[in-house]
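# Descriptive structure summary
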Amino acid sequence: MYKIDISERTLHFKQPAGTSRGVYTTRHSYYLTLTSDELPGVEGVGECATLPDLSCDAKPEYAVTLRQVCQMVEQMGRIPYDMIRAYPSITFGLETAFASFFDAAKKQNLSVSVPAGMENLIDLFDSPFGKGEEGITINGLVWMGTYEEMLARLEEKLQAGFHCVKLKIGAIDFFKELDLIKRIRDVYTQEQVELRVDANGGFLPENAMSQLEALAKYDIHSIEQPIKQHQWPKMAQLCRETPLPIALDEELIGVNVRSMKEALLDTIRPQYIILKPSLHGGIYGCNEWIQLASQRGIGSWITSALESNIGLNAIAHYAAKVYGPNVEMPQGLGTGQLFTDNIPMPLEIRGDKLFVVK
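To keep things clear, this report deals only with the structure shown in the data block. (Residues numbered from 1 in each chain as written. Predicted model: local features only at pLDDT ≥ 70, side-chain atom pairs only at ≥ 80, totals over all residues. Heavy atoms only, no water.)

Time to look at the packing of aromatic side chains. Taken as a whole, this structure holds 10 aromatic pairs when the rule is applied. With centroids separated by 5.6 Å and ring planes inclined at 40°, the aromatic side chains of Tyr 30 and Tyr 62 adopt a geometry described as tilted. Taken together, the residues span a long stretch of sequence, with Tyr 30 in strand β2 (residues 22–36) and Tyr 62 in helix α1 (residues 62–76) at a distance of 32 residues. With respect to class, Tyr 30 is no different from Tyr 62; both count as buried. Relative to Phe 175, the ring of Phe 174 lies with its centre 5.8 Å away and its plane at 70°, an arrangement referred to as edge-to-face. One aromatic cluster is present, built from ring pairs that chain together Tyr 2, Phe 98, Phe 101 and Phe 102. The ring of Trp 301 carries Arg 196 above its face, with NZ or CZ at 4.2 Å from the centroid. Its guanidinium or amino end placed over the ring of Phe 355, Arg 350 lies 4.1 Å from that ring's centre, counting from NZ or CZ. (Phe/Tyr/Trp six-rings, centres within 6.5 Å; stacked < 30°, edge-to-face > 60°. Helix = DSSP H or I, 4+ residues; strand = E, 2+ residues; numbered from the N terminus. Buried < 20%, exposed > 50% of the residue type's maximum accessible area, 1.4 Å probe, protein only. Lys NZ or Arg CZ within 6 Å of the ring centre and 35° of its normal.)

Below, the structure written as structure tokens:
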């Protein structure tokens, strides 16, 4: 019989995290501690974290729903995936708790029965990355800010050894952002520094194509979510005619049913999708997205959604399992450095790679 205890914690950003939806200064998360009467001394921990104004399950009754779902899991002894598709952050928190529980039992040489449908969680932490034998290539993230702030943050990432840099754009004048990108390309070639930009839906549909054309002059790897989500015909047109690859991010939020995922991918036909387990269905839902995208020749990568190190650690291990070994395409996993009071985990960034410290 499983038991799940729920606790909560508020983390504080070292500096305000600016997005097109506003500025985050704190991050609130719920933590699930999973234990079992049958294996005393073994526990797993997972994180359930929503982003206000972004997560499809960020609702006032979230805490009550979380408690009810946990009680259901205690009674059923498994994660009822189809029943909680509308709660991706809860799904991911439960998956992480079970995966770390199974891993803890394995380390103590204890046998554990894995519920049906959860077999992919048994060895989440078992990979060359998980053993500390190799790192995962990640991108350096430059948050929105003034021109001077973004330039300073950019130079800091390049000095730290990042070869892929992602710029959050849309906060200042577009032509100032273009100038910042031009300054990078004046010094670094496409081979030296891969540039990704994230508009967070900040472009207007009527201006988006001209902005994409302006960006394309600077050898941009991809742009995330150029216009706001839920404009499928306009996004589909952009993806057909774009001079640089488009990656969908927010567009995937709330699309939790397989048939709707198929419809979205078939209608829009993006070049990439970007997956955040807390937003896009947990490991179960992301596996579904990756499978459907791959069948259509659509690329993907995985990023965190400003979780604490508990969630970030699980996402990194998941990326290693999905794309490893030797994950060379940069993933978005550098957010563990954002908080003043993060939860300690054996994660370390060396150059542009994330490692598990053994």
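In the segment running from Gly 324 into Pro 325, the intervening peptide bond is cis, with an omega of -5°. Note on placement: Pro 325 falls in the loop between α9 (309–323) and β12 (347–350). Even without glycine at this site, Asp 53 takes up a positive phi of about 70°. For Asp 53, the position within the fold is in the loop between β3 (43–48) and α1. Phi angles above zero are rare outside glycine, and Asp 219 is one such case at about 55°. Along the chain, Asp 219 falls in the loop between α5 (205–216) and β8 (220–224). By relative accessible area, Asp 219 is classed as partly exposed at 37%.

The next point concerns α1. Between its first and last C-alpha, α1 extends 21 Å over 15 residues, near the 21 Å set by a 1.5 Å rise per residue. Buried within α1 are the following residues: Tyr 62, Thr 65, Leu 66, Val 69, Cys 70, Val 73 and Glu 74. Looking one or two residues past α1, Gly 77 carries a phi angle of roughly 80°, positive in sign. (Expected span 1.5 Å × (residues − 1).)

Right, let's get into the pattern of salt bridges. Close approach of charged atoms lets side chains of opposite charge pair. Taken as a whole, this structure holds 20 salt bridges when the rule is applied. Residue Asp 82 is joined to Arg 85 by a salt bridge in which the shortest nitrogen-to-oxygen separation is 3.3 Å. Between Lys 261 and Glu 288 there is a salt bridge; the shortest N-O distance is 2.8 Å. Of the two residues, Lys 261 is situated in helix α7 (residues 258–268) and Glu 288 in helix α8 (residues 282–295); the sequence distance between them amounts to 27 residues. For the pair Lys 261 and Glu 288, a shared accessibility class is recorded, and that class is buried. A network of salt bridges, in which partner residues are shared, links Asp 82, Arg 85, Arg 258, Lys 261, Glu 262 and Glu 288. (Salt bridge = Lys/Arg side-chain N within 4 Å of Asp/Glu carboxyl O.)

Before going further, it helps to examine the side chain of Asp 352. For Asp 352, the position within the fold is in the loop between β12 and β13 (353–356). Among residues more than four places away in sequence, those in contact with Asp 352 are Ile 136, Thr 137, Ile 138, Gly 161, Phe 162 and His 163. (Contact = heavy atoms within 4.5 Å.)

Leu 94, Phe 203 and Leu 215 are the most contacted members of the largest nonpolar core, which has 96 residues in total. Take this core: its biggest share by element is 10 residues, from helix α2 (residues 88–107). What Leu 215 contacts, discounting residues up to four positions off in sequence, is Phe 174, Leu 178, Ile 181, Val 197, Phe 203, Ile 220, Ile 223 and Leu 244. Grouped together as the second largest cluster of nonpolar side chains are 17 residues, Ala 17, Leu 51, Trp 143 and Leu 306 included. (Core = buried A, V, L, I, M, F, W, Y, C linked by side-chain atoms within 4.5 Å.)

Right, let's talk about the sheet that holds β12 for a bit. Taken together, the 3 strands give an open sheet; going across it, the order is β4-β13-β12, and neighbouring strands pair in antiparallel fashion. Taken across any chain shown, the strands that pair with only one partner, and hence form the sheet edges, are β4 (136–137) and β12. By the bridge criterion, 4 bridges tie β12 to β13 in an arrangement that is antiparallel. Pairing of Glu 348 across the sheet is with Phe 355, part of β13. (Pairing = 2+ DSSP bridges.)

Turning to the side chain of Thr 303, a few remarks are in order. Of note, Thr 303 is situated in the loop between β11 (299–302) and α9. A polar contact of 3.3 Å, which involves the side chain of Thr 303, links it to the side chain of Lys 276. Leaving out residues up to four positions away in the same chain, Thr 303 has contacts with Ile 274, Leu 275, Lys 276, Pro 277, Ile 315, Gly 332 and Leu 333. (Polar contact = N/O pair within 3.5 Å; in protein donor to acceptor, adjacent residues only side chain to side chain.)

Let us look at the packing of α1 against α2. Pairs of packed helices are described in terms of their axes, by the angle between the two and the distance that separates them. Packing of α1 against α2 leaves a shortest axis separation of 11 Å and a crossing angle of 45°. Classified by the angle between their axes, α1 and α2 sit oblique to one another. Viewed along their axes, α1 and α2 form a crossing whose handedness is right-handed. Seen from α1, the contacting residues are Tyr 62, Thr 65, Leu 66, Val 69, Cys 70 and Val 73; seen from α2, they are Ser 89, Ile 90, Leu 94 and Phe 98. Its residues assigned to classes, the contact of α1 with α2 comprises 8 nonpolar, 2 polar and no charged. (Axes fitted to C-alpha atoms, helices over the stretch in contact; angles between N-to-C directions. Parallel < 35°, antiparallel > 145°, perpendicular 65-115°, else oblique. Left-handed = near helix turned anticlockwise from the far one by under 90°. Nonpolar A, V, L, I, M, F, W, Y, C, P; charged D, E, K, R; others polar.)

From the geometry alone we can't say anything about function, so treat these as descriptive.
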